[in-house]
Amino acid sequence: MEIVFSGIQPSGELHLGNYLGAVRNWVALQDQYRCFYCVVDYHAITQPYEPAEMASRARNMAVDILACGVDPDRATLFVQSEVPEHTELAWVLSSVAPQGELERMTQFKDKAAHNPHNINLGLFAYPVLQAADILLYGATRVPVGEDQRQHLELAREIVRRFNARFGETFAEPMPLFSTTPKILGLDGQAKMSKSLGNTIALREPENVVWDKLRTAATDPARVKRTDPGTPEKCNVYTLHKFFSDAEKQAYVHTGCTTAGIGCIECKKMLFEGVKVDLSRIRARGDALRADPARVDAILARGAAEARQVAGQTMARVRSRLGLHAAKA
Ligand code: SF4
């Protein structure tokens, strides 16, 4: 079975964009691959954060992932900082990572531009830690969106350089591109993101979810109820593709393009589908939060499984490097 690795930042709670763009796919992948899913708290410390909140952010994220349907009997779910080999391998890989290519990473440039007072080495070397995350588990498949393509290409380059310098050690990871359409935020402008405040969190109460959907941006050309719209230009229609059956999608498409339905009717239909999914996820999440010992046990088991594989990889890497530790 091929191995998949994927990580997610411990933002504290999943929102609809994370769910539709990543975690829903993780649930499907766990039946086809040997999957390692990681809450990447070492990545998160490269941004300003409150230390007193980090552990609960990571734990809450893990609970949300489980609530969405990731099954700890079929996939390994763990928190990155429980496996110190991630940072050890990142340091090793940094000795072959090309600085010039790191300087070209658009995510680094974007983050540095948004937060010029927080340009640190960790932020710069973020893609090297990502390469370590993947390579520790021998992952050959990595689910990526367009925004991660450049980082995965760098990981592949790091593999080539390492293997050329120290002997064949790692396989080049390949992307698993998703067919999921891009999920925009409620503003209909930018990708759904907690930092942009344009999200619906999976745990939000139904009345809040409806309030957000009710006021969500639609096709900007549809100004009046009598104006026909273009569903393909509307993020609400994109969401229908996830939450409504084919018949409902066709009804919305025709109704929109002929001005036969209004946007509120369209959004009410969407809300019916969203409610079904979110209430199922919420019920699972509530059950997990009521049983913290079970969550502890799942994360401890995931970390032990991950450490076992990561430990074997690092033993091989130390030996390739000729380090004193490998001789001990
Ligand atoms: Fe968007 Fe639906 Fe309004 Fe059409 S009817 S513009 S798909 S919200």
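Structure: above.
We now turn to the structure provided with this report.

Definitions and cut-offs
Residues numbered from 1 in each chain as written. Predicted model: local features only at pLDDT ≥ 70, side-chain atom pairs only at ≥ 80, totals over all residues. Heavy atoms only, no water. Helix = DSSP H or I, 4+ residues; strand = E, 2+ residues; numbered from the N terminus. Buried < 20%, exposed > 50% of the residue type's maximum accessible area, 1.4 Å probe, protein only. Contact = heavy atoms within 4.5 Å. Areas by Shrake-Rupley, 256 points an atom, 1.4 Å probe, with all protein chains shown as cover. Lys, Arg positive; Asp, Glu negative; His and termini not counted. Charge placed at Lys NZ, Arg CZ, Asp CG, Glu CD. 1 Å grid on protein atoms, 1.4 Å probe; cavity = no way out; pocket = protein on both sides within 12 Å on 5 of 7 lines; lining within 4 Å. Points joined across faces, edges and corners; volume = space filled by probe spheres on them. Nonpolar A, V, L, I, M, F, W, Y, C, P; charged D, E, K, R; others polar. Core = buried A, V, L, I, M, F, W, Y, C linked by side-chain atoms within 4.5 Å. Axes fitted to C-alpha atoms, helices over the stretch in contact; angles between N-to-C directions. Parallel < 35°, antiparallel > 145°, perpendicular 65-115°, else oblique. Left-handed = near helix turned anticlockwise from the far one by under 90°. Near = heavy atom within 4 Å. Sits in = over half its atoms within 2 Å of the grid points. Expected span 1.5 Å × (residues − 1). Pairing = 2+ DSSP bridges. Right-handed = clockwise from strand over helix to strand, strands pointing away.

**Description of the overall build of the protein chain**
Line of reasoning, step 1. Secondary structure summary: the protein chain contains 15 helices and five strands in total.
Line of reasoning, step 2. The principal-axis extents of the C-alpha atoms in the protein chain amount to approximately 75 × 45 × 40 Å.
Line of reasoning, step 3. Here the protein chain, with 328 residues, has 48% of them falling under the buried criterion.
Line of reasoning, step 4. Taking the intrachain contacts of the protein chain between residues at least 6 apart in sequence as the baseline, contacts between residues at least 24 apart amount to 77%.
Line of reasoning, step 5. For the protein chain, the computed accessible surface area is about 15600 Å², with 54% contributed by carbon and sulfur atoms.
Line of reasoning, step 6. The averaged location of the 38 negative side-chain charges in the protein chain is 2 Å from the averaged location of its 40 positive side-chain charges.

**Digging into the layout of surface pockets**
Line of reasoning, step 1. When its volume is computed, the second largest pocket comes out at roughly 400 Å³.
Line of reasoning, step 2. Along its surface, the second largest pocket is lined by 17 residues, and Ser94, Leu121, Gly122, Ala125 and Val128 are the ones closest to its centre.
Line of reasoning, step 3. Put simply, the parts of the chain that give the lining of the second largest pocket at least two residues each are α4 (85-94), α5 (99-103), α7 (121-124) and α8 (126-136).
Line of reasoning, step 4. Per element, the largest residue contribution to the lining of the second largest pocket is four residues, and it comes from α4.
Line of reasoning, step 5. Split by residue class, the lining of the second largest pocket holds 12 nonpolar, five polar and no charged.

**Some remarks on the nonpolar core**
Line of reasoning, step 1. Core analysis: the largest hydrophobic core is formed by 54 residues, its most contacted members being Tyr37, Ile65 and Leu213.
Line of reasoning, step 2. It is helix α13 (residues 263-289) that provides the largest number of residues to this core, a total of eight residues.
Line of reasoning, step 3. Residues contacting isoleucine 65, with those up to four places away along its chain left out, are Ile8, Leu14, Val23, Trp26, Val39, Val70 and Leu77.

**A word on empty space enclosed by the protein**
Line of reasoning, step 1. Under the defined criterion, the tally for this structure stands at four cavities of 30 Å³ or more.
Line of reasoning, step 2. Taken as a whole, the largest cavity spans an internal volume of roughly 100 Å³.
Line of reasoning, step 3. Considering the residues around the largest cavity, the lining is formed by Thr218, Asp219, Arg222, Pro231, Cys234, Val236, Tyr237, Val252, Cys256, Ile261, Cys263 and Cys266.
Line of reasoning, step 4. Broken down by secondary-structure element, the contributors of at least two residues to the lining of the largest cavity are α11 (235-243), α12 (246-257) and α13.
Line of reasoning, step 5. Taken together, the residues of the lining of the largest cavity sort by class into nine nonpolar, one polar and two charged.
Line of reasoning, step 6. Of the pockets and cavities examined, the second largest cavity occupies roughly 50 Å³.

**A short note on the packing of helix α3 (residues 51-67) against α13**
Line of reasoning, step 1. Close contact between α3 and α13 brings their axes to 8 Å; oriented N to C, the two are set at 130 degrees. Overall, the two elements α3 and α13 adopt an arrangement that is oblique. Like other packed secondary-structure pairs, α3 and α13 cross with a definite hand, here right-handed. Note on element contacts: α13 touches α3 through Ile281, Arg284, Gly285, Leu288 and Arg289, opposite Val63, Asp64, Leu66 and Ala67.
Line of reasoning, step 2. Among the residues forming the contact of α3 with α13, the class breakdown is five nonpolar, one polar and three charged.

**So, the site of the ligand**
Line of reasoning, step 1. Near the ligand you find Thr218, Asp219, Arg222, Cys234, Val236, Tyr237, Cys256, Cys263 and Cys266, and these make up its full shell.
Line of reasoning, step 2. The pocket occupied by the ligand, as judged from atoms lying within 2 Å of grid points, is the largest cavity.
Line of reasoning, step 3. The set of elements that each furnish at least two residues to the shell around the ligand consists of α11 and α13.
Line of reasoning, step 4. Class assignment for the residues of the shell around the ligand results in six nonpolar, one polar and two charged.

**Remarks on helix α14 (residues 292-321)**
Line of reasoning, step 1. Relative to the 44 Å expected for 30 residues at 1.5 Å per residue, α14 spans 42 Å between its end C-alpha atoms, a close match to the ideal helical length.
Line of reasoning, step 2. Residues Val295, Ile298, Leu299, Gly302, Ala303, Ala306, Ala310, Thr313, Met314, Val317 and Arg318 constitute the buried set of α14.
Line of reasoning, step 3. Two residues or fewer past α14, glycine 322 is found with a positive phi of approximately 70 degrees.

**Section: the pairing of strand β4 (residues 141-144)**
Across a regular strand the side chains alternate sides, sitting on one face of the sheet and then on the other.
Line of reasoning, step 1. Two strands pair when backbone bridges link them, and β4 and strand β5 (residues 174-177) are joined in this way by four bridges, in the parallel orientation. If you follow valine 144 over to β5, its bridge partner there is phenylalanine 177.
Line of reasoning, step 2. Each parallel crossover has a hand, and the one from β4 via helix α9 (residues 149-166) to β5 is right-handed.

**Focus on the environment of glutamine 249**
Line of reasoning, step 1. One can find glutamine 249 in helix α12.
Line of reasoning, step 2. What makes glutamine 249 buried here is its relative accessible area of 18%.
Line of reasoning, step 3. What glutamine 249 contacts, discounting residues up to four positions off in sequence, is Tyr237, His240, Lys241 and Ser244.

**Section: α8**
Line of reasoning, step 1. Within α8, 11 of the 11 residues are buried, which leaves it mostly tucked inside the rest of the structure.
Line of reasoning, step 2. Of all the positions in α8, only Tyr126, Pro127, Val128, Leu129, Gln130, Ala131, Ala132, Asp133, Ile134, Leu135 and Leu136 are classed as buried.
Line of reasoning, step 3. Just beyond α8, the residue with positive phi is glycine 138, at close to 65 degrees.

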